[in-house]
Amino acid sequence: MMKFRFRRQGNDPHREKIKQDLFAFSKTVEHGFPNQPSALAYDPKLQLMAIGTKSGAIKIYGAPGVEMTGLHKDTAAVTQIHFLYGQGRMLSLLDDNTIHLWEIVQRENRSHLVELHSFNLPGRPGIESTSATRVTVMLLKLSCDLLALGTEGGGVHFLELPTLTLLNKSLFQDEIMQSVPEEYKCGKSLGPVESLQEHPQDSDKILIGYSRGLVVLWDLNSRHVVNLFLGKQVGLMSLKWLSTLFWAHFWWFLLNSVCRSVFLIFVLFILGPFPCKAVNKILWRTTELGAPLVLFSGGMPRASYGDRHCLTILQDSSHVTLDFTSRVIDFFTIHCTDKEKEFDDPSALVVLLEEELVVIDLQMAGWPTVPAPYLAPLHSSAITCSCHISNVPPKLWERVISAGQQQCPLQNYENWPICGGKNLAPDPKQKELLLTGHEDGTVRFWDASGVSLKPLYKLSTASIFQTDCDHNDSLMQAGEEEWPPFRKVGCFDPYSDDPRLGIQKISVCKYSGKLVVAGTAGQVIVMVLSDEKSDHMIDVATVDLLQDREGFTWKGHDRLPPKSGSVVFAPGFQPVVLVQCMPPAAVTAVTLHAEWNLIAFGTSHGFGLFDYHRRNPVLARCTLHPNDSLAMEGPLSRVKSLKKSLRQSFRRIRKSRVSGKKRAVVYSPTSKVQEANAQLAEHDAEVTPVQRRIEPRSADDSLSGVVRCLCFADTFLRDGTHHGPTMWAGTNSGSVYAYALDVPSQEKFSEQSVEALLGKEIQLMHRAPVVSIAVLDGRGNPLPEPYEVSRDLAKAPDMQGSHSVLITSEEQFKVFMLPKVSAKTKFKLTAHEGCRVRKVALSNFTSVSSEEYSENALVCLTNLGDIHVFSVPALRPQVRYDCIRKEDISGIASCVFTKTGQGFYLISPSEYERFSLSARVITEPLCRVDVERPHDLSAHSPTLPPQANGTHKTQAESKAAETEELLYEMRSALSSPVLDSPNSSADITLDTTGELTVEDVKDFLMTVDEAENNFRNIAEEDGRPPGILIN
């Protein structure tokens, strides 16, 4: 009879259908700046920008909301990207020497980025090694039907586009060496191909530059050398044509690694006769209303500014050197590419840096920066915490935006120059804010309503305290009178002036506009949103959490001294009260109840309750155990006792050995019974779930007094008939403290003070750390937020039925009935799943079938990176998803859930991964890019067998493109070679061959005989007066 009692019931089809309508897991979009960018490309016709990363990802960006991501199968760095002009296709070269063709395709009225072909260049059997066929440079012809590949071994190979078919036109050094004079050979090879350029007027000729200094003009049809340019200087890095609009001939420019001769004399004129670093890349853009615009990166004097990352902009007498805080990967200009127009007239400069993207407005006076609506560097200062606010009230939203616009008056995203594609996503039904706390003491507000994570407002807490920042800034400003005229650009600043400023916890009341931020040095700041500028003093209160307990001495960092006197604050969130916890340990938990004018905060020593209306401490409770010695040293302490930690470790080992021997002796008579029970449990595995044995934790463990969570609730604590304000605190040792609060009415706030009385104290059996505490009403629903009921923004909670409290520890979930605190139900997560709870939240899931139906659920992230969803208050498992790799400890620690079933976690220091657990609420890119292609591979792509000359996946029939129409537009792209030639991402040292001085100028200038020979070759070919050659 009893064997049927615990048998599991079969799955209810109706319930399974409901679960499918409620829950669905998907990773939707990545917010922030790509980690470790390595390549950059731009399509001026489609107005799309592509960024490649060292992890093998390709991200395409257009107008805000237009985003597409492609990922190579192999995790190899993307070294080069080239757009096929206006076709919605692009080529990528990876560090593993493979070439990939990508295409933007339309599926379900949406655009996706898919990979069509891949190709690996083979070597000549028995002749060339693998390294000899390594691709160093790629040249995409203007007609977009031919791709030339320069290799490490000096060969040039040609692929037909868009099929990536290797043509029988390969050019090797053997053919080139036949035309080279005997005195130039010297038994040496020509070196790798460093640059390939197409002839501006004759597409059948290409210019090939070898690292040894030889430059060859090669005719593709007749397969012969048209001209040779013998460079005396080795170390050639790249070359290009520069066509002028006034002369009938072309100027030749050679760049070498000593100082890139293209601007050799020009740089000497600007910077004087000093040893300089290499000029990595140069752009020349003509303007209708003034002198040409010259832009180049590098070229700074080595001794004075060799460690700076610079880009110089020159136009007539205007000269600005942009000083960045991270390395320049590549840059391009957005300018007119219409062949009917005579001038380039650049409108914007886009610079891809290692840690951020910077856009400069080239049309406004002073060349100011343009705020970016996406690709914001989240890690401008390291992220230390985050907080999400759902359904932001319109009034708060407008006030935050207004405060941000007063900080940055030019913050207008409508002028964003990269505006390709169309965002098809509907306007969000509600506004969402993501708040991030940073190491430098700032809190940044982000618009998380859609695909683009837009910066709205920046709040700094450093101005409240006395630090060395102001003094250092004044010294820097006084010393920056040097020339060239540097200008700091960008917001990436990974260095914090004082680590004690770091933000640890954030709590917001979205209805009253109050904000609480807590920091590393025990500072808790209460702020109020104001629309006006203010000049006032900050009230400071100190709360001693040790309560004069003897035997404890703080060995950590000192508190941050607040500024004396009045402080000027800009419109936005302005501090009104500073509560200083003593000892000044990092704040581990904080919560705010604006309707009661109360804040609660906790550290590793205890927790406190503060009335910020009366500026009066209400409660201070020490949670330290007598053996909590590590809690007195702090995270920034340099005097941690190694002897104590070793002594504690040996004590634990000795205790475990002794207890193990005792258990063996005491329980030996029943060991056979336990074995029998284990065997019986194996046979009844389908009847009852297997539970792992959980060892109780010792009360002597270090940091057992750390306060992990705090919450306020209006519930039943004293008896079952009278409800009132309460405060709950949970610690690292499994202790839960519940206080009944006597809060005066709104009219008597100034007359009466708040009082707190300990009502309940709960000790969990296994002393597992308490992660979260939440009070549920009589229907099992979470209690509404402050002001929601009084302002008719939410239904009043059920005060007729019995309330319950949901306590989540690292090992289990447990529901206790109130006010008796009797256990109602529980789920042992660690015993069943073998994992521990790291993050938990209560979310509301709305059915995708009916907007009227919704359920509250408990969402849990474990230390294994998987997400579990449980029903509330029954705690029945609903779904489980694998979300984060268990090795990604920082990603798990940074995860934050929303109240609508979404979440964020850091996949890198600069990127948030957004995911959704809801089948209805999904934030993902919905965009469309309309393109016209001469070859439609997505519609017809027959499969061909692999060929010996390469690895082919698919191939389509080729069709000639309209070269004349594309000639002028692609000319600007050809004049913008990828930075750090040949690969924009390669960590190539460009300045190791020597330094440039006035004496070295003679080495760069050719002899009279060489000049006459080169001029004669040009004149014979073109029938025009020769140009000027600098080699």
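Just so it is clear, the model here is predicted, and its values are computed rather than measured. (Residues numbered from 1 in each chain as written. Predicted model: local features only at pLDDT ≥ 70, side-chain atom pairs only at ≥ 80, totals over all residues. Heavy atoms only, no water.)

Caption draft 1: Expanded view of the overall build of the protein chain. The helix and strand tally for the protein chain stands at 14 helices and 59 strands. Expressed as a percentage of the 1031 residues in the protein chain, the buried residues total 55%. Within the protein chain, counting contacts between residues at least 6 apart in sequence, those at least 24 apart form 61% of the total. When the accessible surface of the protein chain is split by element, carbon and sulfur atoms take 50% of a total near 46300 Å². (Helix = DSSP H or I, 4+ residues; strand = E, 2+ residues; numbered from the N terminus. Buried < 20%, exposed > 50% of the residue type's maximum accessible area, 1.4 Å probe, protein only. Contact = heavy atoms within 4.5 Å. Areas by Shrake-Rupley, 256 points an atom, 1.4 Å probe, with all protein chains shown as cover.)

Caption draft 2: View of the environment of Thr862. In this structure, Thr862 sits in strand E53 (residues 854-862). Judged by relative accessible area, which is 0%, Thr862 ranks as buried. Sequence-distant contacts of Thr862, defined by excluding residues within four places in its chain, comprise Leu829, Cys835, Arg836, Val837, Arg838, His868 and Ile892.

Caption draft 3: Focus on the UniProt feature "repeat: WD" (unreviewed entry) in the protein chain. As annotated by UniProt and renumbered to match this structure, "repeat: WD" (unreviewed entry) occupies residues 433-447. Summarising residues 433-447: 0% helix, 80% strand, and an end-to-end C-alpha distance of 5 Å. (UniProt positions renumbered as here; feature names shortened; annotations may be inferred.)

Caption draft 4: Region of interest: the pattern of salt bridges. Within this structure, the stated rule accounts for 27 salt bridges. The closest approach of N and O atoms between Glu911 and Lys59, which form a salt bridge, is 3.8 Å. Separated by 852 residues along the polypeptide, Glu911 in strand E58 (residues 911-918) and Lys59 in strand E4 (residues 57-61) bring together distant segments of the chain. Grouping residues by exposure puts Glu911 and Lys59 together as buried. For Arg444, the salt bridge is made with Asp440, and the minimal N-O distance between the two is 3.9 Å. Taken individually, Arg444 and Asp440 each receive the classification buried, so the pair is uniform in this respect. (Salt bridge = Lys/Arg side-chain N within 4 Å of Asp/Glu carboxyl O.)

Caption draft 5: Spatial organisation of helix H1 (residues 13-22). Considered for burial, the residues of H1 that qualify are Ile18, Lys19, Asp21 and Leu22. For H1, the arc enclosing every buried residue in end-on projection is 160°, short of the 170-degree limit, so these residues lie on one face. Exposed side of H1, more than 90 degrees from the buried face: Pro13 and Gln20 are the residues found there. At its buried positions, H1 is contacted by strand E1 (23-32), strand E52 (837-846), E53, strand E55 (877-882) and E58. (Arc of directions from axis to C-beta.)

Caption draft 6: Spotlight on the side chain of Ser449. As for its placement among the helices and strands, Ser449 is situated in the loop between strand E30 (442-447) and strand E31 (454-460). A distance of 2.9 Å separates the side chain of Ser449 from the backbone nitrogen of Glu432, its partner in a polar contact. In this structure the side chain of Ser449 is engaged in a polar contact, spanning 2.8 Å, whose partner is the side chain of Asp447. Non-local contacts of Ser449, meaning those with residues more than four positions away in its chain, are made with Trp397, Pro428, Gln430, Lys431, Glu432 and Thr923. (Polar contact = N/O pair within 3.5 Å; in protein donor to acceptor, adjacent residues only side chain to side chain.)

Caption draft 7: Region of interest: the pairing of strand E16 (residues 214-219). Across the six residues of E16, six count as buried, placing the element largely inside the fold. Neither face of E16 is left uncovered, since the one carrying Leu214, Val216 and Trp218 and the one carrying Val215, Leu217 and Asp219 both have all their residues buried. When strand E15 (residues 205-210) meets E16, the two strands line up antiparallel, connected through five bridges. Of the residues in E16, the one forming a bridge with Leu207 is Leu217. Both E16 and strand E17 (residues 224-230) contribute to a ladder of six bridges, which runs antiparallel. The residue of E17 that forms the bridge with Trp218 is Val225. Hairpin remark: E16 followed by E17, antiparallel, with four residues in the connecting loop; positive phi at Arg223, about 50°. (Pairing = 2+ DSSP bridges.)

Caption draft 8: Examining the sheet that holds strand E7 (residues 89-94) more closely. Spatial ordering of the open sheet is given by E6-E7-E8-E9, a layout of four strands whose pairing is antiparallel. Two strands lie at the open edges of the sheet, namely strand E6 (78-84) and strand E9 (110-120), each paired on one side alone. Strand-to-strand twist across the sheet, computed as the mean angle between neighbouring axes with direction ignored, equals 25°. (Axes fitted to C-alpha atoms, helices over the stretch in contact; angles between N-to-C directions.)

Caption draft 9: Structural detail: helix H6 (residues 394-407). Taking 1.5 Å as the rise per residue, H6 with 14 residues should run 20 Å; its terminal C-alpha atoms sit 20 Å apart, in good agreement. Buried within H6 we find Leu396, Trp397, Arg399, Val400, Ala403 and Gly404. If you follow the buried residues of H6, they end up packed against strand E29 (433-438), E30, E31, strand E35 (523-530) and strand E39 (572-582). (Expected span 1.5 Å × (residues − 1).)

Caption draft 10: Focus on unusual backbone geometry. Here Leu818 and Pro819 are connected by a cis peptide whose omega angle stands at 5°. For Pro819, the location among the structural elements is in the loop between strand E50 (812-817) and strand E51 (822-828). A cis amide bond, omega 5°, links Val872 with the succeeding residue Pro873. With respect to the helices, strands and loops of the structure, Pro873 is situated in the loop between strand E54 (866-871) and E55. Notably, Gln47 is not glycine yet its phi reads approximately 55°, a positive angle. Inspection of the secondary structure puts Gln47 in the loop between strand E2 (37-43) and strand E3 (48-53).

Caption draft 11: Spotlight on the confidence of the model for the protein chain. Of the residues in the protein chain, 75% reach a pLDDT of 70 or more, and the chain-wide mean stands at 80. Contacts of residues 939-1008 to residues separated by more than four positions or lying in other chains number 173 contacts, the stretch itself having pLDDT below 50. (pLDDT = per-residue confidence, 0-100.)

Caption draft 12: Molecular detail of the nonpolar core. If you look at the biggest cluster of nonpolar residues, it comprises 33 residues, and the most contacted ones within it are Leu435, Phe445, Ile506, Leu515 and Phe573. No other element matches H6, which puts four residues into this core. Residue contacts for Leu435: discarding those within four places in its chain leaves Cys385, Ser386, Cys387, Ile389, Val443, Arg444, Phe445, Ile506, Val508 and Leu515. Grouped together as the second largest cluster of nonpolar side chains are 23 residues, Tyr184, Leu214, Leu220 and Leu228 included. (Core = buried A, V, L, I, M, F, W, Y, C linked by side-chain atoms within 4.5 Å.)

Caption draft 13: Structural detail: the side chain of Thr163. Along the polypeptide, Thr163 turns up in the loop between strand E12 (156-160) and strand E13 (165-166). At 2.9 Å, the side chain of Thr163 and the side chain of Thr165 are in polar contact.

Caption draft 14: Inspection of the sheet that holds E16 at higher detail. Across the sheet, which stays open at both edges, the four strands sit in the order E14-E15-E16-E17 with antiparallel pairing between neighbours. Taken across any chain shown, the strands that pair with only one partner, and hence form the sheet edges, are strand E14 (193-198) and E17. With direction set aside, neighbouring strand axes in the sheet form an average angle of 20°.

Caption draft 15: Spotlight on the pairing of E3. With respect to burial, E3 is a largely interior element, six of its six residues being buried. Burial along E3 is two-sided: Leu48, Ala50 and Gly52 and Met49, Ile51 and Thr53, pointing in opposite directions, are all buried. Strand direction decides the pairing type here: E2 and E3, joined by six bridges, are antiparallel. By the bridge assignment, Ala41 is partnered in E3 with Ala50. Taking the residues that link successive antiparallel strands as the turn, the E2-E3 hairpin has four residues, and the phi of Gln47 there is positive, at about 55°. Alignment of E3 against E4, held across four bridges, turns out to be antiparallel. The residue of E4 that forms the bridge with Met49 is Tyr61. What sits between the antiparallel neighbours E3 and E4 is a turn of three residues, in which Gly56 has the positive phi angle 90°.

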